[in-house]
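# Structure at a glance
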Amino acid sequence: MSMFCFQCQETAKGSGCTIAGVCGKTPDVSNLQDLLIHVTKGVSVLANLGRKENLIIAKADKYVFESLFTTITNANFDQTKILSKIYEGFEIRDFVRKELAANSIALPENLPESTGWKANDDETLLVYSELVGVLQESNEDIRSLKELLTYGLKGMAAYAEHAYNLGYKNDEVYAFMHRGLAATEDKTLSVDELVALVLECGKFGVDVMALLDQANTESYGNPEITHVNIGVRNNPAILISGHDLKDMEELLKQTDGSGVDVYTHSEMLPANYYPAFKKYEHFVGNYGNAWWQQKKEFESFNGPVLFTTNCIVPPKSSYMDRIYTTGSSGFEGCEHITDREHGQPKDFSAIIEHAKRCASPTEIETGEIVGGFAHNQVIALTDKIVDAVKTGAIRKFLVMAGCDGRMKGRDYYTEFAKKLPKDTVILTAGCAKYRYNKLPLGDINGIPRVLDAGQCNDSYSLVVIALKLKEVFELNDINELPIAYNIAWYEQKAVIVLLALLALGVKNIHLGPTLPAFLSPNVVNVLVENFGISGIGTVDEDIEKMLA
Ligand code: SF4
Ligand code: SF3
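Described below are features of the structure shown in this document. Just so it is clear, the model here is predicted, and its values are computed rather than measured.

## A closer look at the overall build of the protein chain
Within the protein chain one finds 18 helices and 15 strands. For 548 residues, the compact-globule formula gives about 24 Å, and the C-alpha radius of gyration of the protein chain, at 23 Å, lands near that figure. Here the C-alpha coordinates of the protein chain stretch approximately 65 × 60 × 45 Å along the principal axes. Per element, the accessible surface of the protein chain, about 20,500 Å² overall, is 50% carbon and sulfur. Put simply, the protein chain has 52 plus and 72 minus side-chain charges, and the middle of one group is 2 Å from the middle of the other.

Structure, rendered in structure tokens:
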């Protein structure tokens, strides 16, 4: 075994990637990511000691969410970047120790080794990286819960970073990140204590999504109903992928008047719904589909592609020179656009100049998709929706948020959407929507049958909508609403979305296309018994169950 990773849905044989990542991660990158997590846990153990005494160390907060985000599936494949983040971790640990000492906070004995171990050369780090990681914990249930917690924290970190980039912070979220990571280094915790922490993670998941929602809407306005063009124009163009709206804003500003068009890709599609971005004439629409189809679609796009976050598929040599990364994303051999400094915007001039040398995109489809149904827009339609529910025009809402992926079994979601009766409405968020957002599913009294709230973090919007409906219908419990949950997961952001739903008391979620490999049979039982979580079956059976 040269590596071990089982954090995503596409893990090899449904149990773990041991030779190389299905995602394209090499053993060295995977092991170094394990080491980065190890060092980050050390930072959090120390920062958590400070937090207990009300000592906030902002540098440690930022380091922790950046490092966690860097290790999310398909975000960063760049060994050099991961190594430098590990060295930075050693420095941050020293800094935190000094701050603790300066504030007379004593260090307990028996601190975990992650708070102290260090090396000064890449070779030693690589050798050591094989000795840390998931399988060091031998108890299957403890391992399962600690990894579930860590993956929830990774998703939380991604959303915290996007909010931070827009100037929005939440100290309690940062404090929980440290406490949660510190708990994974605590060998005394029982299964019950870890279950409680996992659920608490979901509560902070709601908070971080609310924070990001506030950051996005206060910065760029509330998403509104939008018909997004999926065809192309005759100008050279940049394709922007990932989730970071601050990058979107700066790219649109810097391309304005340059003769270069901008298109969104995959999870950036919802940028089209924000008033602040719609005003740009050179912002043309969306190109392509979910992340996993990029090998084909980047070829025909012809221009440069900017990754602001995951999901990167290791690029083909034919277009590799057109791939740029920024923020927590990275790929060895691709140009990385450096972070903002001293409040100055990022410099996108290299990618803009690159675009000017490229042909305009080749058209792969025409028409439009409709989206922009985040909470504010849907709540504006409440009367119409309530009316449709009361008259029976809408029988049920199906939440089909989450991720898409390359697994063949995900055809299930297309078939599910197609076979749903015409008096049902799909509520979606995340890249899962590409399985059905171009189908002619029609509308109910003018309400489209697919309501797209936005990115995976905008699953928060779906919760706000559900709570609003609960209030309008004067119900006691969110589970009394005519809403069923059929969630598709792939990476760790979906883990925090799932934990957030559980924290809000949502029951009977169907999770597919397969259950996570990192859940031990006992942990699955806990989820089944307390929350009624289940996998998926056949489309017909599931539709029957979910409409019952
Ligand atoms: Fe395998 Fe997924 Fe880990 Fe990549 S992220 S190595 S595909 S489990
Ligand atoms: Fe998609 Fe990677 Fe999960 Fe943000 S972009 S939802 S998979």
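Now that the structure has been shown, we can carry on.
## Concerning the nonpolar core
If you look at soluble globular proteins, the nonpolar side chains tend to sit buried side by side. Formed by 167 residues in total, the largest nonpolar core has its most connected members in Met156 and Met177. Per-element accounting of this core gives the leading share, 13 residues, to helix α7 (residues 191-220). Counting 18 residues, the second-largest nonpolar core is a separate cluster that includes Met400, Tyr413, Leu420 and Ile426.

## Quick look at the site of ligand 1
Inspection of the region around ligand 1 gives Met3, Cys5, Phe6, Gln7, Cys8, Thr11, Cys17, Gly21, Val22, Cys23, Lys25 and Thr73 as its neighbouring residues. In terms of residue class, the shell around ligand 1 is built from 7 nonpolar, 4 polar and 1 charged.

## A closer look at the site of ligand 2
Around ligand 2, the neighbouring residues are His243, Glu267, Trp291, Asn310, Cys311, Cys403, Cys431, Cys456, Tyr490 and Glu491. Within the shell around ligand 2, the residues separate by chemical class into 6 nonpolar, 2 polar and 2 charged. Domain assignment of the residues forming the shell around ligand 2 places at least three in each of domain 2 (226-356) and domain 3 (372-547).

## Here we look at the layout of surface pockets
Reported here for the largest pocket is a volume of approximately 960 Å³. Going through the elements one at a time, α1 (27-52), α5 (140-165), α6 (171-184) and α7 are the ones with two or more residues in the lining of the largest pocket. Looking at the lining of the largest pocket residue by residue, the class counts come to 16 nonpolar, 11 polar and 15 charged. Its boundaries defined by the atoms lining it, the second largest pocket holds a volume of some 540 Å³. In terms of lining residues, the second largest pocket is bounded by 29 residues, among which Lys62, Glu66, Asn165, Asp339 and Arg340 are the most central. Mapped onto the lining of the second largest pocket, the elements with two or more residues apiece are α2 (58-70), α3 (79-102), α5 and α8 (245-255). Ranked by residue count, the leading element in the lining of the second largest pocket is α2, at 5 residues.

How each quantity is defined
Residues numbered from 1 in each chain as written. Chains lettered and ligands numbered in written order. Predicted model: local features only at pLDDT ≥ 70, side-chain atom pairs only at ≥ 80, totals over all residues. Heavy atoms only, no water. Helix = DSSP H or I, 4+ residues; strand = E, 2+ residues; numbered from the N terminus. Rg over C-alpha atoms; globule rule 2.2 N^0.38 Å. Areas by Shrake-Rupley, 256 points an atom, 1.4 Å probe, with all protein chains shown as cover. Lys, Arg positive; Asp, Glu negative; His and termini not counted. Charge placed at Lys NZ, Arg CZ, Asp CG, Glu CD. Core = buried A, V, L, I, M, F, W, Y, C linked by side-chain atoms within 4.5 Å. Buried < 20%, exposed > 50% of the residue type's maximum accessible area, 1.4 Å probe, protein only. Near = heavy atom within 4 Å. Nonpolar A, V, L, I, M, F, W, Y, C, P; charged D, E, K, R; others polar. Domains from an automatic or database assignment. 1 Å grid on protein atoms, 1.4 Å probe; cavity = no way out; pocket = protein on both sides within 12 Å on 5 of 7 lines; lining within 4 Å. Points joined across faces, edges and corners; volume = space filled by probe spheres on them.

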